[in-house]
Amino acid sequence: MSRGHVDALGFEYVRLQEPIRLDRVARRPVVVKPRGLISGAAYEVCCAKSDCQASRSGKDLMDKGIEIGSVKANELIFLNLPHYPGSGQDKTPPAPPTQVTKRIGSNLGVQGIEIGWVPGSDNNWVSYYEVLKDGGLLDTVAKGNFFFCHEGTARNELQSRYEVRTVDGDGNRSPSVPAQEVGGEPETYRALGGFSPTQGANQWKYEEAVESGKFRRLRWNSGGYEGRWVGSGWARIGRIWMQPGAQSDVSRTFVAPAKGVLTISGSIRKDPSSENGRPVRACILHKDRQIWPISGWAEIPPVFSKEVSYRLEDIAVEAGDTVRFFLQRTGHPAPDTVIWDPTVVIERMK
Ligand SMILES: [Ca+2]
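Keep in mind the model is a prediction, meaning the values are calculated, not measured.

Q: A description of the overall build of the chain should follow, citing residues and the corresponding values.
A: A tally of regular secondary structure across the chain gives 2 helices and 29 strands. The C-alpha atoms of the chain give a radius of gyration of 33 Å, which is well past the 20 Å a tight globule of 350 residues would have. If one aligns the C-alpha atoms of the chain with their principal axes, the spans along those axes are about 90 × 70 × 35 Å. Look at the contacts in the chain between residues 6 or more apart in sequence, and 65% of them connect residues 24 or more apart.

Okay, structure coming up:
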């Protein structure tokens, strides 16, 4: 062979002294010979793609094998599984789930609608459940007997018609069972689940005050591992953490969605990364009125292990009222991160 050139991809080409001739050969069937079968036992053979259905002894299968004329992609050979899911042999619809319920619940701080049920059954194989909302398919559940609707305004749609039905391995469906409402959680807003890159989304805004009493909105910054709101100096607000600036106060601000009565609870502690010996000062404001602590500031000790807790009840609000979870500027040009994941429960009033 003589040496050839190397192309841009690094392949080197050479000229063969003896050309290779590729001849088409007659296609022969593929024979698959299973091993380890019980010689005297009978086996039902079937294939996912080809027609190889037969009833044969273990000895015959091991000696002569299973012959497939043309093997299609993703072919599977089943031994003694004539009713495997997708075989098309199951014509009997499954039994529906029972005790289908719907309720308001939370997962990872996000409130939504929990749909639960007691499993249905099938003569052969339960493959999955379909969850329907107002007659349309919402999602499928192949593991467990629970579904959580939380996209967008899902939690406001408890009165929609939710139904669940069983689907077997051959796609037969049971009748749909409507979900009955059961007791759930009160309407709750929490920083953990409500945090987002949109000011005002999920009733939360992110602000700073450079001059006393004048709030301005922070800017979204996609840095960090999931983004954060940033302002002057070190002023930052993340999902469950906040950081005042040297010269700017920061506020995670709840905006009441309706007239009602609030219960406000949570705890505040310094992040382990900022155990720098300096306390941070916090308070909670309803509009312009401080509601916690009664006067002055709550001082957050400079160690992670010491948290400051609060619980405020019967806070009457009108729609659009603000409740500010507020940290005072530090005067130090260094980060003073605080973990603060406030929870607000509202009981709406007519
Ligand atoms: Ca069935």
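Q: Run through the sheet that holds strand 10 (residues 146–149), naming residues and quoting values.
A: The mixed open sheet is built from 4 strands, whose spatial order is 10-7-6-13. Both outer strands of the open sheet, strand 10 and strand 13 (180–181), are each paired with one neighbouring strand and no more.

Q: So what about the sheet that holds strand 8 (residues 126–133)? Which residues, and what values?
A: The strand order across the open sheet built from 4 strands is 9-8-11-12, with neighbouring strands paired in antiparallel fashion. Each end of this open sheet is capped by a strand with a single partner; those strands are strand 9 (136–141) and strand 12 (177–178). As paired elements, strand 8 and strand 11 (residues 162–168) share 7 bridges and run antiparallel to each other. Among the inter-strand pairings, lysine 133 is bridged to a residue of strand 11, identified as tyrosine 162.

Q: Please give an account of the nonpolar core that cites residues and values.
A: Judged by nonpolar contacts, the single largest core of 32 residues is most densely connected at Ala282, Leu327, Val338 and Val344. Breaking this core down by element, the ones donating at least two residues are strand 15 (204–209), strand 18 (228–230), strand 21 (249–255), strand 22 (260–270), strand 23 (280–286), strand 27 (322–327), strand 28 (338–340) and strand 29 (343–348). Setting aside anything within four residues of it in sequence, one finds leucine 327 in contact with Met242, Pro244, Asp249, Val250, Val280, Ala282 and Val338.

Q: Hey, could you go over the environment of asparagine 80 for me, with residue numbers and the actual values?
A: Locating asparagine 80 in the fold gives a position in the loop between strand 5 (77–79) and strand 6 (98–107). Sequence separation between asparagine 80 and lysine 287 is 207 residues; the distance between their C-alpha atoms is 72 Å. If we ignore the near neighbours within four places in the chain, the residues touching asparagine 80 are Tyr43 and Glu44.

Q: So what's going on with unusual backbone geometry? Which residues, and what values?
A: Here the bond from tryptophan 292 into proline 293 is cis, since omega is -15 degrees, no more than 30 degrees from zero. Positive phi, normally seen in glycine, also occurs at glutamine 99, with a value near 50 degrees. Inspection of the secondary structure puts glutamine 99 in strand 6. Classification of glutamine 99 by C-beta neighbours within 10 Å gives exposed; the count is 12.

Q: Run through the pairing of strand 15, naming residues and quoting values.
A: Taken across its 6 residues, strand 15 has 6 buried, putting it largely inside the fold. Both faces of strand 15 are covered, namely the face carrying Trp204, Tyr206 and Glu208 and the face carrying Lys205, Glu207 and Ala209. Two elements, strand 15 and strand 21, share 6 bridges in a ladder whose sense is antiparallel. Note that in strand 21 the partner of tryptophan 204 across the bridge is phenylalanine 254. Of the pairings in the sheet, the one linking strand 15 to strand 16 (residues 215–217) comprises 3 bridges and is antiparallel in character. From the neighbouring strand, alanine 209 faces strand 16, where its bridge partner is phenylalanine 215.

Cut-offs and rules
Residues numbered from 1 in each chain as written. Predicted model: local features only at pLDDT ≥ 70, side-chain atom pairs only at ≥ 80, totals over all residues. Helix = DSSP H or I, 4+ residues; strand = E, 2+ residues; numbered from the N terminus. Rg over C-alpha atoms; globule rule 2.2 N^0.38 Å. Contact = placed C-beta atoms within 7 Å. Pairing = 2+ DSSP bridges. Core = buried A, V, L, I, M, F, W, Y, C linked by C-beta atoms within 7 Å. Buried ≥ 20, exposed ≤ 12 C-beta atoms within 10 Å, placed from the backbone.

Purely geometric numbers; function is a separate question.
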